[in-house]
Amino acid sequence: MIANTPKPPYYAVIFTTERTTIDEGYAEMAQQMLELAQQQHGFLGEESARDGLGITVSYWESLEAIQNWKNNAQHLQAQKLGKEKWYKKYKLRVARVERDAEF
């Protein structure tokens, strides 16, 4: 589903991953993190796809909101588990959205 974002500017956090073969607890944690993110001030939406390479893009009102999410205690625990169990590698990018268009 395509996220319903406001008029720019806003921010996108692009999380690109390569998974390990360990699935235990991954889907549950991913769902918990989405639900937790949705409760955070400044969260605007999320889009995700996985077909070998995983890409999740979350949208935020501000850099401060992104920083608060990064430092959330439950999110920190999920990050730790991701590094230990679920991800071979990942890359995180933060971008300011200057323009968007839709059809």
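Scoring rules and cut-offs
- Residues numbered from 1 in each chain as written.
- Predicted model: local features only at pLDDT ≥ 70, side-chain atom pairs only at ≥ 80, totals over all residues.
- Heavy atoms only, no water.
- Buried < 20%, exposed > 50% of the residue type's maximum accessible area, 1.4 Å probe, protein only.
- Helix = DSSP H or I, 4+ residues; strand = E, 2+ residues; numbered from the N terminus.
- Pairing = 2+ DSSP bridges.
- 1 Å grid on protein atoms, 1.4 Å probe; cavity = no way out; pocket = protein on both sides within 12 Å on 5 of 7 lines; lining within 4 Å.
- Points joined across faces, edges and corners; volume = space filled by probe spheres on them.
- Nonpolar A, V, L, I, M, F, W, Y, C, P; charged D, E, K, R; others polar.

A.B. asks: So what's going on with the pairing of strand 1 (residues 10-19)? Residues and values would help.
C.D. replies: Among the 10 residues that make up strand 1, seven are buried, leaving the element largely enclosed by the rest of the structure. The pairing of strand 1 with strand 4 (residues 87-97) spans 10 bridges and is classified as antiparallel. Paired with F15 across the bridge in strand 4 is L92. Bridge count for strand 1 against strand 3 (residues 53-60) is eight bridges, and the pairing is antiparallel. Bridge assignment links Y11 to a residue of strand 3, and that residue is W60.

A.B. asks: Requested: an account of the pairing of strand 2 (residues 43-51), with residues and values cited.
C.D. replies: Relative to strand 3, strand 2 runs antiparallel, the two being bridged by eight bridges. Within the sheet, the bridge partner assigned to G45 lies in strand 3 and is Y59. With antiparallel pairing between neighbouring strands as the criterion, strand 2 and strand 3 make up a hairpin whose turn holds one residue, including G52 at a positive phi of roughly 85 degrees.

A.B. asks: Just give me the short version of the layout of surface pockets, but keep the residues and values in it.
C.D. replies: There is about 950 Å³ of room inside the largest pocket. For the largest pocket, the lining is made up of 35 residues, of which F15, T56, W69, H75 and Y87 are closest to its centre. For the lining of the largest pocket, the secondary structure elements donating two or more residues are strand 1, helix 1 (26-38), strand 2, strand 3, helix 2 (63-70), helix 3 (73-86) and strand 4. The biggest single contributor to the lining of the largest pocket is helix 1, with seven residues. When grouped by side-chain class, the residues that make up the lining of the largest pocket number 21 nonpolar, 10 polar and four charged. Here the second largest pocket defines a volume of roughly 250 Å³. In this structure, the second largest pocket is lined by I2, A3, N4, T5, Y10, E47, Y59, D100, A101, E102 and F103. Of the residues contributing to the lining of the second largest pocket, the split by class is six nonpolar, two polar and three charged.

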